[in-house]
Amino acid sequence: MNKLSRTLSIGAIAGAVALTGGMAAASQPAGDPTPAPSARTQPSGMVKALADSLGVSVAEAERKLDRQTAQQETLERLGRSGVPTRSAYFDAKGTLTVDVATARQAAEVQAAGLAARIPARAPSALERIKAELDRLAEKKLPVGVESWHVDPVGNKVVVTVRDTADATSRAFVAAARSHGPAVSVETTTDDAPQATAAISPGSKMNINTSDVNGGYCSVGFGARDQQGRQYLATAGHCIKGLDTLYFNGSSFAKGTQTRFAHGYDSVDMGIAAISSGNSVTTTVGGWGVVSNTPVRGAQRAAVGSTVCKSGATTKWTCGTISSYNHSVTYTDPGQPRTLVKGLAKSSVCIHKGDSGGAWITNQGQAQGVTSGSSDLSCDGSFGSGASWMQPLDDLLRYYGLTLNTAS
């Protein structure tokens, strides 16, 4: 990862601080893209950005966010009472639907004002099928298969295939189809997912170099361990060599753990120890598009929720989370293909330099860090492309960290 000039098959690898104001604790360093707080209210700025991204009016975007917020809060209360919430999703009309196992749970959900469904296939059964496919791919990677995941809306496992020219991919698809209607096999003509790694001028989190024109990633979220030690939560491929990270020419963190490696079964999460005197703020930078967004927590948003991301290359962009727990085959020119598991798929625009950048909801709930994309443009013509992020709640849980939040 010394020279990140090629597309790494996972989100942008480089990049300036897309997140907060960088790493200086006492003052904001020169060249920091994060604007200072303004008199403009955060919600109005975020609503405008969301409206632009979705192609709707500001009023429509505001109504959408307000309704999602209220329903998400209800879902959180139900979760605390023991109702399963991980497979909840917003339907086409914007109603939050919760998959439950019993009529009693359904009644509780409906009494709270949400929709309930007892699905034909239990979410746990679909997760077992998905896990079986993961194990098959771990033995030998099906390079012609783009991804596979559990679709809570369709109540099935979806396998997306680019081509089946090789025997391994054909065998994988056959194994998937053996589960009958529980699995849907779709085809795509998109190019293989490419990492958005790039060498970009003015970068804010350079990899292994103090040269601001070198390879870079975007800053993610700050978190702490039980002893209070500070870490940067980031995409694993940004620190795959346990690299040193630089901000404005000065080192501020050192990669300590990563679950990403080319050619191996990977998870795109990693952490870097932040050096003494530096910090990552608890407000996500809006890049002049919106005001800085305070980080309030890490409650996972339901499928269908709107979310925005801050990244060094494409700045502030928004879209919709379409599903979780994707397994994706990533391609990096010059490197073996890599199986990456546990990603969330979305329509949020990302490009080279955005990797590791922060994803957050209008309510300040941190969602994840940028991983990668496939044939996704930022001019509104998304086509069949997609972007992927590493969910933050999974990252924090795996490394035993607590998210730093605004007071």
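Residues numbered from 1 in each chain as written. Predicted model: local features only at pLDDT ≥ 70, side-chain atom pairs only at ≥ 80, totals over all residues. Heavy atoms only, no water.

Describe the pattern of salt bridges, listing the residues and the values that go with them.
Per the stated rule, a full pass over the model turns up 8 salt bridges. One salt bridge connects R162 with E146, and the closest N-O pair in it is separated by 4.0 Å. Within this pair, whereas R162 is found in the loop between β5 (156–161) and α5 (167–177), its partner E146 is found in strand β4 (residues 145–151), the two being separated by 16 residues in sequence. Just as R162 is buried, E146 falls in that class too. Ionic pairing is found between D393 and R300, a salt bridge with its closest N-O pair at 2.9 Å. In this pair, D393 sits in helix α6 (residues 392–399) while R300 sits in the loop between β16 (293–294) and β17 (306–311), placing the two residues 93 residues apart along the sequence. For the residue pair D393 and R300, the accessibility class agrees, reading buried in each case. Because the salt bridges share partners, they merge into one network encompassing R300, D393, D394 and R397. (Salt bridge = Lys/Arg side-chain N within 4 Å of Asp/Glu carboxyl O. Helix = DSSP H or I, 4+ residues; strand = E, 2+ residues; numbered from the N terminus. Buried < 20%, exposed > 50% of the residue type's maximum accessible area, 1.4 Å probe, protein only.)

Just give me the short version of the state of the cysteines, but keep the residues and values in it.
A full pass over the atoms with the stated rule returns 2 disulfides. Disulfide pairing places C217 opposite C238 at an S-S distance of 2.1 Å. What sets the handedness of the C217 and C238 disulfide is the S-S torsion sign, and at about -90 degrees it is left-handed. Of the two residues, C217 sits in the loop between β9 (215–216) and β10 (221–224) while C238 sits in the loop between β11 (230–234) and β12 (244–247), which places them 21 residues apart along the sequence. Both residues of the pair, C217 and C238, belong to the buried class. A sulfur-sulfur distance of 2.0 Å marks the disulfide that ties C308 to C318. When the S-S torsion is 100 degrees, as for the bridge of C308 with C318, the disulfide is right-handed. (Disulfide = S-S within 2.5 Å.)

Describe the nonpolar core, with residues and values.
Membership of the largest hydrophobic core comes to 45 residues, with the highest contact counts inside it found for F221, L232, L245, F252 and W316. Looking at this core, the element that brings in the most residues is helix α1 (residues 42–54), giving 5 residues. Ignoring sequence-local partners within four residues, the contact set of L232 consists of M205, V219, G220, F221, L245, F252, G270, I271, A272, I274 and V280. Grouped together as the second largest cluster of nonpolar side chains are 17 residues, L126, A137, V145 and V173 included. (Core = buried A, V, L, I, M, F, W, Y, C linked by side-chain atoms within 4.5 Å. Contact = heavy atoms within 4.5 Å.)

I'd like a rundown of unusual backbone geometry, residues and numbers included.
Most peptide bonds adopt trans geometry, and most residues besides glycine take a negative phi value. Unusually for a residue other than glycine, N155 sits at a positive phi of about 55 degrees. Inspection of the secondary structure assignment puts N155 in the loop between β4 and β5. Here W287, not a glycine, exhibits a phi torsion of approximately 55 degrees, which is positive. Within the element layout of this structure, W287 appears in the loop between β15 (283–284) and β16.

I'd love a proper account of the environment of G263, names of residues and values included.
Summarising the element assignment, G263 is placed in the loop between β13 (250–258) and β14 (270–274). G263 sits 68 residues away from T331 along the chain, and the two C-alpha atoms are 9.5 Å apart. When neighbours within four sequence positions are excluded, G263 is seen to be in contact with P336, R337 and T338.

Give me the lowdown on the packing of helix α4 (residues 123–139) against α5, citing residues and values where you can.
Contact geometry of α4 with α5 gives a least axis separation of 11 Å together with a crossing angle of 165 degrees. Accordingly, the angle class assigned to the pair α4 and α5 is roughly antiparallel. α4 and α5 meet at a crossing whose hand is right-handed. Judged by residue contacts, L133, L136 and A137 of α4 engage F172, A175 and A176 from α5. Within the contact of α4 with α5, the residues separate by chemical class into 6 nonpolar, no polar and no charged. (Axes fitted to C-alpha atoms, helices over the stretch in contact; angles between N-to-C directions. Parallel < 35°, antiparallel > 145°, perpendicular 65-115°, else oblique. Left-handed = near helix turned anticlockwise from the far one by under 90°. Nonpolar A, V, L, I, M, F, W, Y, C, P; charged D, E, K, R; others polar.)

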